[in-house]
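Given next are the chains, with one letter for each unit.
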Amino acid sequence: MKKNILNSAVIVVLALSFASFTTILKKELKVKESTITWKGHKVTGSHEGNISLTDGTLSFEDDQLVGGNFTIDMTSITVTDLQAGKGKEKLEGHLKSDDFFGTENHEQATFNITDVKGTNGDYTVTGDLSIKGKTNPITFNMNVSDDTATANLKVDRTKYDIKYGSASFIDGLKDKAIYDEFDLNVILKF
């Protein structure tokens with residue numbers, strides 16, 4: 001009986017010892033080297049541009065992605081498919097207005113990873129995306145290789161109370177309709 005108790009105690013101590021060697025490593029994002037590009041689609045075409053990161057981290061356990069969080073500077077949104085004096089400033093102003101991202105009152109958007117599935121650099125990431133004070137879960141694929149993480153995701157803007165030009169909420173828009181989903185292409189350097 002004493003031998004069984006002693007063996008059980010040794011197993012528990014060993015298990016706790018191995019568990020204590022597992023550490024989570026947080027890697028700060030290099031925000032100047034990271035990029036976020038967006039693309040919004042409408043019936044008659046599309047527009048695209050950039051948004052800057054403010055800060056962020058990715059968390060790893062034994063070289064496997066386990067978490068992370070990011071802050072996006074919504075006031076930095078730019079349009080790259082239009083030239084200055086030919087609609088660029090007008091569209092950028094409209095995107096910053098309350099019709100879209102309302103950057104005067106909502107300067108930042110955030111994303112917090114809540115779940116990661118996968119291994120060896122190929123992950124399915126779920127997290128909470130907050131835009132304009134509204135938070136919704138979103139799931140997408142992320143690839144991590146060396147010092148870079150990449151992801152392409154679609155965001156339904158109407159979940160964040162961005163309904164301008166949405167045929168889902170306004171009848172009769174015809175060729176002036178803007179699709180509810182926009183694309184984000186993310187390259188994170190750490």
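Residues numbered from 1 in each chain as written. Predicted model: local features only at pLDDT ≥ 70, side-chain atom pairs only at ≥ 80, totals over all residues. Heavy atoms only, no water.

**Some points on empty space enclosed by the protein**
Going through the model one piece at a time under the given rule, you end up with two cavities of 30 Å³ or more. Roughly 180 Å³ of internal volume is contained in the largest cavity. Phe70, Ile72, Phe111, Leu153 and Val186 are, among the 14 residues lining the largest cavity, the residues nearest its centre. Partitioning the lining of the largest cavity into residue classes produces 14 nonpolar, no polar and no charged. The calculated volume of the second largest cavity comes to roughly 90 Å³. Every residue along the wall of the second largest cavity is listed here: Ile36, Ile51, Ile72, Met74, Phe101, Ala109, Leu129, Ile131, Phe182 and Leu184. At the level of secondary structure, the elements contributing two or more residues to the lining of the second largest cavity comprise β4 (64-79), β6 (122-131) and β9 (178-189). Partitioned by chemical class, the residues of the lining of the second largest cavity number 10 nonpolar, no polar and no charged. (1 Å grid on protein atoms, 1.4 Å probe; cavity = no way out; pocket = protein on both sides within 12 Å on 5 of 7 lines; lining within 4 Å. Points joined across faces, edges and corners; volume = space filled by probe spheres on them. Nonpolar A, V, L, I, M, F, W, Y, C, P; charged D, E, K, R; others polar. Helix = DSSP H or I, 4+ residues; strand = E, 2+ residues; numbered from the N terminus.)

**Here we look at a negative patch on the surface**
On the surface, Asp98, Asp99, Glu104 and Glu107 cluster together into a patch of negative charge. Inspection of the secondary structure assignment puts Glu107 in the loop between α2 (88-96) and β5 (108-119). Exposure remark for Glu107: the relative accessible area of 48% places this residue in the partly exposed category. (Patch = residues over 30% accessible without salt bridge, like charges linked within 9 Å, V, L, I, M, F, W, Y side chains within 5 Å. Areas by Shrake-Rupley, 256 points an atom, 1.4 Å probe, with all protein chains shown as cover. Salt bridge = Lys/Arg side-chain N within 4 Å of Asp/Glu carboxyl O. Lys, Arg positive; Asp, Glu negative; His and termini not counted. Charge placed at Lys NZ, Arg CZ, Asp CG, Glu CD. Buried < 20%, exposed > 50% of the residue type's maximum accessible area, 1.4 Å probe, protein only.)

**Examining α2**
For α2, the set of buried residues is Leu91, Glu92 and Leu95. Burial along α2 is one-sided: seen end-on, the buried residues are contained in an arc of 100°. Along its buried surface, α2 packs onto β2 (35-42), β3 (45-61) and β4. (Arc of directions from axis to C-beta. Contact = heavy atoms within 4.5 Å.)

**Regarding unusual backbone geometry**
Its identity is not glycine, yet Asp62 carries a phi of approximately 50°, on the positive side. When you line up the elements, Asp62 lands in the loop between β3 and β4. Judged by relative accessible area, which is 56%, Asp62 ranks as exposed. Positive phi, normally seen in glycine, also occurs at Asp161, with a value near 65°. Mapping Asp161 onto the fold places it in the loop between β8 (148-156) and β9. The class of Asp161 is partly exposed, set by a relative accessible area of 40%.

**Comments concerning the pattern of salt bridges**
Taken as a whole, this structure holds five salt bridges when the rule is applied. In this structure, Lys154 engages Asp183 in a salt bridge whose closest nitrogen and oxygen atoms are separated by 2.6 Å. Of this pair, Lys154 sits in strand β8 while Asp183 sits in strand β9, placing them 29 residues apart in sequence. Look at Asp183 and you get buried, because its relative accessible area is 14%. Put simply, Asp161 and Lys163 hold a salt bridge, and the shortest N to O gap is 3.7 Å.

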